[in-house]
Amino acid sequence: MATIENPSEAMRLVRHGDAATGAQAAALFALANGLVGVEGLIDERADRPCAYLPDAYVSRPIAYHESFPGYASATDTRVPCPSPVLLRLHIDGEPVDFGGADLVETESALDFATGQLRRLSRWRLAGGRTLEIAVDRIVPLAGGACVASRIRLRPIDFGGAVEVRLTYGVEGMGAGGAEVDDPRISARLRPVWTTISPLPGDPSTVTRFAQDAVELAYRQHVAAPAAEVADEGAGHVVRGTLVAGGTLTIDRVVALASARGRPVGPAVFDDAATDFDAIAEGQNAAVEALWDSAAFAIDGDDALTQALRFDLFQLHQSASRDPDHSIGAKGLTGEGYEGHYFWDAETFMLPVLALQAPAKARTLLAYRIGKLDRARAHARALGHARGALYPWRTIAGDECSSHYPTGSAQYHINGDIAYALALYVAATGDEAFRLRAAEMLFETARMWIEIGAFDARRGGAFCIHGVTGPDEYSALVDNDFYTNAIARRHLGYAAETADWLRARGDLGALADAIGLDENEIATWRKAADAMWLPVDAVLGINPQDDAFLGRPELPGLKSPVHDGPLLMIYHPMILFRHQVAKQGNVVQAMAMDLVSMPVSQQRRNLDYYGRVTTHDSTLSSVSFAIAAARLGDETAALDFMRECAFVDLEDRHGNTSHGLHMAALAGSWLVLAQGWGGLRLDGRVPAFAPTLPSAWQGYRFRLQWRGSVIELAVHAAGCTYRLLSGAPLDILDHGRSLRVGAAPSTLARPTVKGAIFDLDGVLTDTAEDHYQAWQALADTYGFAFDRAVNERLKGVDRAGSLRLILDQAGAAIDAEAFDAMLAEKNALYRARLADYSPANLFAGVTGLFAELRAAGLKIGLASASRNAGDVVRLLGIADQFDFVADAGAVAQGKPAPDIFLACADGMGLAPNQCVGIEDAQAGISAIHAAGMVAIGIGSEEALPDADLHVPAIGELTLGQILSTEQEAAARGRLSIRTGKVEDMPC
Ligand code: G6P
Ligand code: MG
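These lines cover the structure that appears in this document, whether it is placed above or below. (Residues numbered from 1 in each chain as written. Chains lettered and ligands numbered in written order. Predicted model: local features only at pLDDT ≥ 70, side-chain atom pairs only at ≥ 80, totals over all residues. Heavy atoms only, no water.)

Right, let's talk about the overall build of the protein chain for a bit. Per the secondary structure count, the protein chain includes 27 helices and 35 strands. Relative to the compact-globule value of 30 Å for 986 residues, the protein chain shows a C-alpha radius of gyration of 33 Å, a close match. Its C-alpha atoms give the protein chain principal-axis dimensions of about 120 × 65 × 60 Å. Looking at the protein chain residue by residue over its 986 residues, the buried ones come to 59%. A separation threshold of at least 6 residues defines the contact pool for the protein chain, and within that pool the share at least 24 residues apart is 66%. (Helix = DSSP H or I, 4+ residues; strand = E, 2+ residues; numbered from the N terminus. Rg over C-alpha atoms; globule rule 2.2 N^0.38 Å. Buried < 20%, exposed > 50% of the residue type's maximum accessible area, 1.4 Å probe, protein only. Contact = heavy atoms within 4.5 Å.)

See below:
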């Protein structure tokens, strides 16, 4: 396997010998600018079509033996275009056969700082002559569709007449070529281009080609001051003299254009650049601007830094700048997946672009808006009376998948587009675009109501039927977890956007145009609120779908028998019947923050789905890396991160020759920002929760938000934020608000990792019910009892409470009567619980829990009540806790520390990593006895020992919980880590 050389050269990718010339190198050294791409072939061997133009695709009918309504009827296939980099040589009238010549030495270097590919080859020609060919190649990131090359020919030990033919290699192109038996490249076509006649007015430097409905025009500009240049046939011929030790320099700039069903207009090249030096200068500026908002570094892993820079550079190169096009699964770097656009453009690539180059993100969304009518037609073809469904794979906008179970059934693509839109709007504040996209957002939201229903058997939950999630090893399932989660986000955002439009007075016209009424919007909201996203009672995980967990596991999974992706080995039905996943739908939903869940549940999901997931999709490692990094599983997170960062550099899936895995490349940056940086984008401001794996000394990255660029430098002590351009920006760090300005601000990483809550009187008003039950009991037996006495019972267990009451009343009873009274009180209390529902949860609890989780904190319950389990079930929060301590299992009740210690232990945390929240003095004492910080819900008078007081749980913030560590540090309970901010290069 090829290795990366000079790992310290983190701004270049350098390969030598076969690694610089092989099939993999063609993709690795590809250059592109969103309008054109060219594979990294070496010029003298670049005689096959190797350029990609977004409009250069052909449409072929799909033939079915048995066809049914709504089946896709045709597929688009992108075809490589004639080579704009082919160079042929004649020396002293003899053609040089570079296919047969001896390539003594070769080096290719892709420079991420200058945006140039620099390559050098040393050839041993017939007669022992040595010739060096050096080429600098540019596809200008901010320029038009053109490929610029500066070619230097250097004969080491000979001289003679030379003829350099700068042509495109279409002559003699015939039909045929082997079909490839791999569904991931499927309808690979052998491109057959023919040269066609010029149009009137064409300069002689223009060459035209055609294939099916695609027409191309190339205009070549050649400058060779020391030689004679002539345009002859298709291309140019440069005639000059080679002198031993001298250099013959030729600048070649090919501008490319394509059209469909019509010729390329003659004026298309009017503005095309022709000067190599000017193009190089423009490229420097464009690349510098790119890194201004995208620069990053990992201190402690140069190879990974280099890999991520390569990945990011390639993503930006392939990002479409044409609103009629999105980004193909392989970008503009190869033929894989027929050049089709999938969900991964919105889900993996667009988030990175939205945070680094928002105009490119907008282009991808504009592409979808432009194809809305096609999506409506697709929905009708599938029998839906209303709404729009985007195709699973496409170029022109129509469904191109011939296998609907893993094609059109992936309705989640509608939600993915909505997710991307919401993210783009949040990152940019681009309200004009939100307005423009509203029709698409609404039409696609309608699809969920088309395919889902409120299920009375599941308490009216909204269930979505007969879909396929991202994991294509399950198909046509009910309640795919990812689909339901993204649908919930989509429906919520659509309803919110309708409110926003209504408030601006912009809803009416759009609603009339698409026949949308308020009932429908209300249904979206109701469906979002009632979305079925269950937790399995036995495993404590989210089932991937209704049936997944009941299926048998695939025998021998992960044994050497399964060498290569399972989709290449088994009939799809074998995979569908087994508990085996190509990628993790639940983990994907976690990584995208679609569902808030306790840390312990995240852990169980990650472990469980990790066991049944083959990661046959390169996308899989992205979500697993993000989830594992957030859960602090450093080893797994770094392994998964390398899996996506090096997917092409090390050809980890054996198919880099089909093109680069653009979504995985984008994903490697998402792992840095969302995994290690803990970045979440679902709130009003960007929220970070950076952690530092022990393998690194630090890392930095930047992002752009609302026109401001900030940089985070994560180090041992915490994180330093600074504003690089634009207005000061509000962010959250581990839930703490910070305004980032030009002066660096450092926040220490919080040491608080968990919050342990009391129940009665903290999360709900059961304290009152306990009081009423005791009062009724006391009244029955004639004991003196009142609210003042009751205050002393708070937090005290049932028997302890009764003892206190009896002591207080001066009453004595035997053990049997004592037990009977306990039972009676409990019956009275439980009778009062009969009407409890989620409405009894104190205001603010749900939001606080979500905030805690978003900051990566665990949530525990430490109640002295034996009824606690039932109460949290009635409140609908039973599945929100990482651990519920069992009052029956601890030796001593509050004020002894036992239950808080048991809870911390159950969450896998040390006591001094936890904060306790209590409304009773006994509880505050227990928390302190456990060595934790105590937050009192109540007044200072009522709870004099608490470290911090809030009048009600709804007023407690995450920031306060985290800041209590300062308090604790003062008391010597917690030690705050401090350290120096290290400087590291970006
Ligand atoms: C909590 C309440 C107490 C109650 C105790 C036992 O700590 O604050 O007032 O007595 O739980 O509750 P149980 O439901 O087990 O009777
Ligand atoms: Mg209490």
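On to helix α22 (residues 815-833). Here α22 spans 27 Å end to end across 19 residues, near enough to the 27 Å set by a 1.5 Å rise per residue. For α22, the full list of buried residues reads Phe818, Met821, Leu822, Lys825, Asn826, Tyr829 and Leu833. Buried residues of α22 fall within an arc of 135° about the axis and therefore sit on the same side. Opposite the packed face of α22, turned more than 90 degrees from it, sit the exposed residues Glu816 and Ala831. Where α22 is buried, its residues meet α19 (766-781), α21 (798-809) and α24 (868-874). (Expected span 1.5 Å × (residues − 1). Arc of directions from axis to C-beta.)

Time to look at the packing of aromatic side chains. Tallied over the entire structure, the rule returns 31 aromatic pairs. Look at tyrosine 168 and tyrosine 218: their rings are 5.2 Å apart centre to centre, the planes differ by 90°, and that puts the pair in the edge-to-face class. Residue tyrosine 168 is located in the loop between β13 (160-166) and β14 (194-196), and its partner tyrosine 218 is located in strand β16 (residues 214-223); the two are separated by 50 residues in the primary sequence. By the burial criterion, tyrosine 168 is buried, and tyrosine 218 matches it. Taking 5.1 Å as the distance between ring centres and 75° as the angle between the ring planes, the aromatic pair formed by phenylalanine 209 and tyrosine 218 counts as edge-to-face. With respect to class, phenylalanine 209 is no different from tyrosine 218; both count as buried. An aromatic cluster of three or more residues is present, and its members are Trp669, Trp676, Phe688, Trp696, Tyr699, Phe701 and Tyr721. We note arginine 309 situated over the ring of phenylalanine 296; from NZ or CZ to the ring centre the distance is 5.5 Å. In this structure, lysine 526 is placed above the aromatic ring of phenylalanine 454, and the distance from its NZ or CZ to the ring centre is 4.3 Å. (Phe/Tyr/Trp six-rings, centres within 6.5 Å; stacked < 30°, edge-to-face > 60°. Lys NZ or Arg CZ within 6 Å of the ring centre and 35° of its normal.)

Moving on to the sheet that holds strand β25 (residues 708-715). One open sheet accounts for five strands, arranged β20-β24-β25-β26-β29; its pairing is antiparallel. Every interior strand has two partners, whereas the edge strands, β20 (296-299) and β29 (745-748), have only one. Strand-to-strand twist across the sheet, computed as the mean angle between neighbouring axes with direction ignored, equals 20°. Sheet topology places strand β24 (residues 698-705) next to β25; seven bridges connect them, and they run antiparallel. Bridging from a neighbouring strand, tyrosine 699 pairs with valine 714 of β25. (Pairing = 2+ DSSP bridges. Axes fitted to C-alpha atoms, helices over the stretch in contact; angles between N-to-C directions.)

Around ligand 1 lies a shell of 14 residues, among which Gly795, Arg798, Ser865, Arg866 and Asn867 are the nearest. One of the side-chain N or O atoms of aspartate 760 is found 3.4 Å from an oxygen atom in ligand 1. Measuring from an oxygen atom of ligand 1, one finds a side-chain N or O atom of arginine 798 at 2.7 Å. Alone, ligand 1 offers 390 Å² of accessible surface; in the complex the protein occludes 97% of this. Here the residues of the shell around ligand 1 sort into three nonpolar, five polar and six charged. (Near = heavy atom within 4 Å. Polar contact = N/O pair within 3.5 Å; in protein donor to acceptor, adjacent residues only side chain to side chain. Areas by Shrake-Rupley, 256 points an atom, 1.4 Å probe, with all protein chains shown as cover. Nonpolar A, V, L, I, M, F, W, Y, C, P; charged D, E, K, R; others polar.)

In this model helix α17 (residues 634-645) runs 16 Å from its N-terminal to its C-terminal C-alpha over 12 residues, within 8% of the 16 Å that 1.5 Å per residue would give. Ala637, Leu638, Phe640, Met641, Cys644 and Ala645 are the residues of α17 that are buried. Down the axis of α17, the sector holding all buried residues measures 165°, keeping them to one side. Here the buried face of α17 lies against β20, α4 (302-318), α16 (620-630) and α18 (662-676).

Looking at the metal site, the magnesium ion (ligand 2) is ligated by Asp758 (OD), Asp760 (O) and Asp919 (OD), spaced 2.0 to 2.2 Å from it. By relative accessible area, which is 11% here, aspartate 919 ends up buried. (Donors = N, O, S within 2.8 Å, 3.2 Å for Na, K, Ca; no water.)

What follows is about the packing of α4 against α17. Running from amino to carboxyl end, α4 crosses α17 at an angle of 45°, the nearest separation of the two axes being 10 Å. One way to sum up the angle between α4 and α17 is to call them oblique. Relative to α17, the crossing made by α4 is left-handed. Here Leu304, Ala307, Leu308 and Asp311 of α4 lie close against α17, whose contacting residues are Met641, Arg642, Cys644 and Ala645. For the contact of α4 with α17, the per-class residue count stands at six nonpolar, no polar and two charged. (Parallel < 35°, antiparallel > 145°, perpendicular 65-115°, else oblique. Left-handed = near helix turned anticlockwise from the far one by under 90°.)

Within the largest apolar cluster, 189 residues are counted, with the highest numbers of intra-cluster contacts made by Phe442, Tyr609, Met641, Trp669, Leu672, Trp696 and Phe701. Ranked by the residues each element gives to this core, the list is headed by helix α10 (residues 481-504), at 12 residues. If near-sequence neighbours (up to four positions away) are discounted, tyrosine 609 is found in contact with Ile541, Asn542, Pro543, Gln544, Phe548, Leu549, Val586, Val587 and Phe624. In this structure, Leu833, Ile859, Ala868 and Val871 belong to the second largest nonpolar core, which totals 36 residues. (Core = buried A, V, L, I, M, F, W, Y, C linked by side-chain atoms within 4.5 Å.)

Moving on to unusual backbone geometry. Between lysine 894 and proline 895 the backbone carries a cis peptide bond, its omega angle lying at 10°. Considering the arrangement of structural elements, one finds proline 895 in the loop between β32 (883-884) and α25 (898-906). Positive phi, close to 55°, is recorded for tyrosine 337, a residue that is not glycine. The phi angle at histidine 734 is positive, at roughly 45°, despite the residue not being glycine. On the secondary structure map, histidine 734 appears in the loop between β27 (729-733) and β28 (736-740).

Another aspect to go through is the side chain of threonine 720. Relative to the elements of secondary structure, threonine 720 occurs in strand β26 (residues 718-725). Side-chain polar atoms of threonine 720 contact the side chain of histidine 715, separated by 2.8 Å.

All right, on to the packing of α16 against α17 then. Contact pair α16 / α17: the axes reach a minimum separation of 8 Å and the direction vectors enclose 155°. The angle between the axes of α16 and α17 places the two elements in the roughly antiparallel class. Here α16 runs over α17; the crossing is left-handed. Contact residues: α16 offers Ser621, Val622, Phe624, Ala625, Ala628 and Ala629, while α17 offers Ala636, Ala637, Phe640, Met641, Glu643 and Cys644. Its residues assigned to classes, the contact of α16 with α17 shows 10 nonpolar, one polar and one charged.

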